[in-house]
Amino acid sequence: MRRSPLLAGLLLTTSLGAASVDFAHEVVPILRKHCSECHTGDKKKGGLSMNTRASLLEGGENGAVISAGQTQKSKLLDAIVSADPDVRMPPKGDRLSPAEVATLRAWVEQGAVWTEGFAFKQPAYEPPLRPRQPVLPEARNGRTHPIDRVLDGWLADKGAPTPPVADDATFLRRVSLDLVGMLPSAEEARAFAADRRPDKRAMLVRSLLARNVDYADHWMVFWNDLLRNDYAGTGYIDGGRKQITNWLYISLLANKPYDVFARELVAPSADSEGFAKGIIWRGAVSAAQAPELQYAQSVSQTFLGINMKCASCHDSFVDRWKLRDAYGLAAIYSDHPMELVRCDIPTGKPAVAAWPFPELGQVDASKPREERLAQLAALITHPDNGRFQRTIVNRLWHRLMGRGVVHPVDAMQTQPWNQDLLDVLANHLVESKYDLKAVIEFIATSQAYQSRAEILARDAEDKSYIYRGPRAKRLTAEQFVDAVWRLTSTTPAKIVPQVPRAAPVAGAAKKPVIEPLLAAPIWSGDIAGGRLPAAGETRSFRRQLALDADVDAATCVATCDNGFELYVNGKKIGAGDNWADPKSFDLSASLLKGSNQIVVVGHNSGKVPNVAALFFQVNVTLKGGARVRMATDTAWESTTSVPNARGTFAAAGKAKAATKTAETVWQPVSLVKGDAWRMAEARMAEMLAGVEASSAVPARASLMKSDLLQRALGRPNREQIVSMRPNELSTLEAIDLSNGQALTSLLSAGAVKLKKRTWTSPEELARWLYLSALSREPAPAELKVAAGIVGAEISEQGIADLLWAVCMLPEFQTIR
């Protein structure tokens, strides 16, 4: 290292017996003048902060910079006299004068004494780690619930009013959507309004939480977001990612204690290891995205509210977590030695398995991986780890009340707006033996939860939050879709994951009976002589279906080697492009009493002639209970023609000469020999059985793959942890929602079904819709407008228009 001769001489001749250095008047001005720009306040260049004595002695990314009382071990003293441009400090600007260098040397020799309490910037808030037992204020106005006692006392201290109680309709809709994610029916809304029991709200909360399937279905959204779990997406096909769907659903269905739940994710089994494994990304990625560091980030964020993403690359600039903290957690999970890598540059330093709160105990780095993980799981869920408890109850409070006690919910280093409230919630979790339903009931039975929602101005800021009641929440994508399905009776027949759902009633669910599939593989009759269908060949197939009564329910399955489009009575129903993935369609609104025409257009693919085959079966239940089944067999006909956009063909003798449209010639079909489609046939039989089983539970959007409508409504792809979805629609989302074909199609299908019901007047339909969608009767002016939209004759278009108008209401799209 090169030093200027003058400064080197000063260092050598400084007297050890010099007078005591005055820290406040001699040292502080030097540090403020030469070092503060990069190393005080929020600045931590090289990971070094001089805000406090402790942070200065701790050093930076390259270790300690001063050693109190030992000048020869203090790198800072070398740096301030170095002539090397890569080492010198400060790196630019004026150098320290000889006198300033002598002062700092003497200060270090004398032990780097620091005035007690001084800081260039006071340390950031450090939340309590262990549980607290707050003293509750006296109850006010008979409000004895612990949550209300805390909040009423807090409001009184602030001189703020107590929020008024929400009306019954608002509470019913809010608690139903919050707890089970479903709108109450019109009948449930009427019954709750008529109920005069004083404890009816508490009874409703308990009854909702007792609906185990509905509860599990709904909270899958929350946990899928938080645990990065989904049913399709990056990594699932090539083995770079693993679902935990079955484990998660069973855990929610059984209301598994949260400490057990967390331990099974931190130290996972084969069923729950998908969370810990993370995603193996393709191609070159940052060292911070290694699976071991993903584990550190996911565990710390999910269970402790700590952001380790920054610290996985370098010492964090926003909080106290350092690179070694992230790598310490990663090393616990890793099955091989790890090296600290800073900003994708190896440091040569080994990572030591450790967790960031040693005051509760530490992981033994010498133990095998499984033992280290078990130790970490025990430490995270330790009864004295109040941070674990506070993190989850804060998430639940945010979910139900619209804003966290600590906000954002992943920033648990942030000071809560009410520490006592957070601790009351956390203590209730522990007292209930980590029962999450008990915490939800605790919140939902408080007057605070049952209060009228806070009204926020569009330009309201959140910096100085003052509690004024719950905040309105936007419906999740899944809640919105479930609500539309329920209003329009368009709920799909099957869910995607094969989770063990049970009927939401007492007693065991009846196991569906899987009947043999009637559908036989067919193609055009000219294959009877041994002809193989050409590559790219297309054939159309038809059959008439006669029904003697109105349709109560109808479901079909179809597949074609290699693709198909299905038309019913001239309307395109759907399509498929993979014979191994059969499709199921609800035809309840498409089939009518009398004669119905089923047309399926089948396509072959490949580069050379090969076998092609079509399967189709529809199962119909008529009003009165009679069943009708029709499937592909030799009674079908085929043609080389294809239908027009309206699903119709040119009739024989009526071809239009002007357009040279050839008449359609229908021929008998042939059965296709072979058993290559056995798996698809078995799947179609299962699909039909699942639809027809009387004990089947309605599908929920939370158990379906994401689609265009749900993505437009804000459903994330879950490649990263999502703990808070946006509460506002973006402009593009709003445009897609109001004009998108997906929603329009659902509403149109619903209008067909609603039209089939018996309505005494358009007003009756409007009242039913308002009660079903908003849990309240329409006001006189609303009723008049709604009835006018439907029309005196109650047309399908009018019903579809009214459904759209109600679904676009902010009152429908939010939980108030």
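Residues numbered from 1 in each chain as written. Predicted model: local features only at pLDDT ≥ 70, side-chain atom pairs only at ≥ 80, totals over all residues. Heavy atoms only, no water.

Caption draft 1: Structural context of the overall build of the protein chain. Of regular secondary structure, the protein chain possesses 29 helices and 15 strands. Expressed along its principal axes, the backbone C-alpha trace of the protein chain runs to roughly 120 × 75 × 55 Å. Put simply, the protein chain has 816 residues, and 50% of those count as buried. For the protein chain, the share of sequence-separated contacts (at least 6 apart) that also reach a separation of at least 24 residues comes to 71%. (Helix = DSSP H or I, 4+ residues; strand = E, 2+ residues; numbered from the N terminus. Buried < 20%, exposed > 50% of the residue type's maximum accessible area, 1.4 Å probe, protein only. Contact = heavy atoms within 4.5 Å.)

Caption draft 2: Quick peek at the environment of Leu-688. Positionally, Leu-688 belongs in helix H22 (residues 678-692). When its relative accessible area of 4% is taken as the criterion, Leu-688 is described as buried. Distance in space between the C-alpha atoms of Leu-688 and Ser-584 is 8.2 Å, their sequence separation being 104 residues. For Leu-688, the residues in contact, after removing those within four places along its chain, are Leu-517, Thr-555, Val-557, Gln-617 and Asn-619.

Caption draft 3: Looking closely at the pairing of strand E1 (residues 339-342). Pairing of E1 with strand E2 (residues 345-350), which is carried by three bridges, proceeds in the antiparallel orientation. In the strand pairing of E2, Arg-342 is matched with Ile-345. Between E1 and E2, which follow one another and run antiparallel, lie two residues, and Cys-343 among them has a positive phi close to 50 degrees. (Pairing = 2+ DSSP bridges.)

Caption draft 4: Quick look at the pattern of salt bridges. Under the criterion given, the structure shown has 50 salt bridges. Across the pair Arg-700 and Asp-217 runs a salt bridge whose closest N-O atoms are separated by 4.0 Å. Residue Arg-700 is found in the loop between H22 and helix H23 (708-712), and its partner Asp-217 is found in helix H11 (residues 212-227); the two are separated by 483 residues along the sequence. Each of the two residues, Arg-700 as well as Asp-217, counts as buried. A salt bridge links Glu-515 to Arg-629, with the shortest nitrogen-to-oxygen separation between them at 3.0 Å. Taken as a pair, Glu-515 in the loop between helix H21 (477-488) and strand E4 (522-524) and Arg-629 in strand E12 (residues 627-631) lie far apart in primary sequence, 114 residues in all. (Salt bridge = Lys/Arg side-chain N within 4 Å of Asp/Glu carboxyl O.)

Caption draft 5: Structural view of helix H27 (residues 780-790). The set of residues buried in H27 consists of Leu-783, Ala-786, Ala-787 and Val-790. Down the axis, H27 shows its buried residues gathered within 100 degrees of arc, on one side only. With respect to the buried face of H27, the exposed residues turned more than 90 degrees away are Ala-781, Lys-784, Val-785 and Gly-788. Where the residues of H27 are buried, they touch helix H26 (762-774) and helix H28 (796-807). Positioned one or two residues after H27, Gly-791 has a phi angle of 90 degrees, which is positive. (Arc of directions from axis to C-beta.)

Caption draft 6: Expanded view of the confidence of the model for the protein chain. Of all residues in the protein chain, 93% attain a pLDDT of 70 or more, and the chain-wide mean is 89. Between residues 503-509, whose pLDDT stays under 50, and residues either more than four places distant or in other chains, the model counts seven contacts. Ignoring residues within four places in sequence, the model shows residues 691-696, a span with pLDDT below 50, making 11 contacts including any to other chains. (pLDDT = per-residue confidence, 0-100.)

Caption draft 7: Representation of the environment of Thr-760 within the structure. Note on placement: Thr-760 falls in the loop between helix H25 (741-756) and H26. Its relative accessible area of 70% is what places Thr-760 among the exposed residues. For the pair Thr-760 and Gly-563, spaced 197 residues apart in the sequence, the C-alpha separation amounts to 45 Å.

Caption draft 8: Main features of helix H10 (residues 200-209). Listed as buried for H10 are Lys-200, Arg-201, Leu-204, Val-205, Leu-208 and Leu-209. Check the buried side of H10 and you find it contacts helix H8 (168-180), helix H9 (186-194), H11 and helix H20 (436-444).

Caption draft 9: Examining the nonpolar core more closely. Ranked by internal contacts, the top residues of the largest apolar core, which has 148 residues, are Trp-223, Phe-303, Trp-355, Trp-397 and Ile-443. Here this core takes nine residues from H11, the largest share from any one element. Setting aside anything within four residues of it in sequence, one finds Phe-303 in contact with Tyr-258, Ala-262, Leu-265, Val-266, Phe-275, Ile-380, Arg-387, Phe-388 and Thr-391. Core analysis: the second largest hydrophobic core is formed by 38 residues, Ile-522, Ala-613, Phe-615 and Leu-622 among them. (Core = buried A, V, L, I, M, F, W, Y, C linked by side-chain atoms within 4.5 Å.)

Caption draft 10: Quick look at the packing of aromatic side chains. If you walk through the whole model with that rule in mind, you get 33 aromatic pairs. With 5.8 Å between their ring centres and 80 degrees between their planes, Trp-321 and Phe-357 make a pair best called edge-to-face. Pair noted here: Trp-321 is in the loop between helix H15 (291-304) and helix H16 (323-333) and Phe-357 is in the loop between E2 and helix H17 (369-380), with a separation of 36 residues, a long-range link. Of note, Lys-200 hangs over the ring of Phe-192, and the distance from its end group to the ring centre comes to 4.4 Å. (Phe/Tyr/Trp six-rings, centres within 6.5 Å; stacked < 30°, edge-to-face > 60°. Lys NZ or Arg CZ within 6 Å of the ring centre and 35° of its normal.)

Caption draft 11: Focus on the side chain of Gln-617. Among the secondary structure elements, Gln-617 is positioned in strand E11 (residues 613-622). By relative accessible area, which is 1% here, Gln-617 ends up buried. Among the polar contacts listed, one links the side chain of Gln-617 to the backbone nitrogen of Leu-518, at a separation of 2.8 Å. Within polar-contact distance, the side chain of Gln-617 engages the backbone nitrogen of Ala-519 at 3.1 Å. Contacts of Gln-617, omitting those with residues within four sequence positions, involve Leu-517, Leu-518, Ala-519, Thr-555, Cys-556, Val-557, Arg-629, Met-630, Ala-631 and Leu-688. (Polar contact = N/O pair within 3.5 Å; in protein donor to acceptor, adjacent residues only side chain to side chain.)

Caption draft 12: Summary view of the side chain of Thr-490. Along the chain, the position of Thr-490 falls in the loop between H21 and E4. Of the polar contacts made by the side chain of Thr-490, one reaches the side chain of Thr-488; its length is 2.6 Å.

Caption draft 13: Region of the structure containing the packing of H27 against H28. Here H27 crosses H28 at 140 degrees, and the two axes come no closer than 7 Å. By the angle class used here, H27 and H28 are oblique. Along the contact surface, H27 presents Ala-786, Ile-789 and Val-790, while H28 presents Gly-798, Ile-799, Asp-801 and Leu-802. By residue class, the composition of the contact of H27 with H28 is five nonpolar, one polar and one charged. (Axes fitted to C-alpha atoms, helices over the stretch in contact; angles between N-to-C directions. Parallel < 35°, antiparallel > 145°, perpendicular 65-115°, else oblique. Nonpolar A, V, L, I, M, F, W, Y, C, P; charged D, E, K, R; others polar.)

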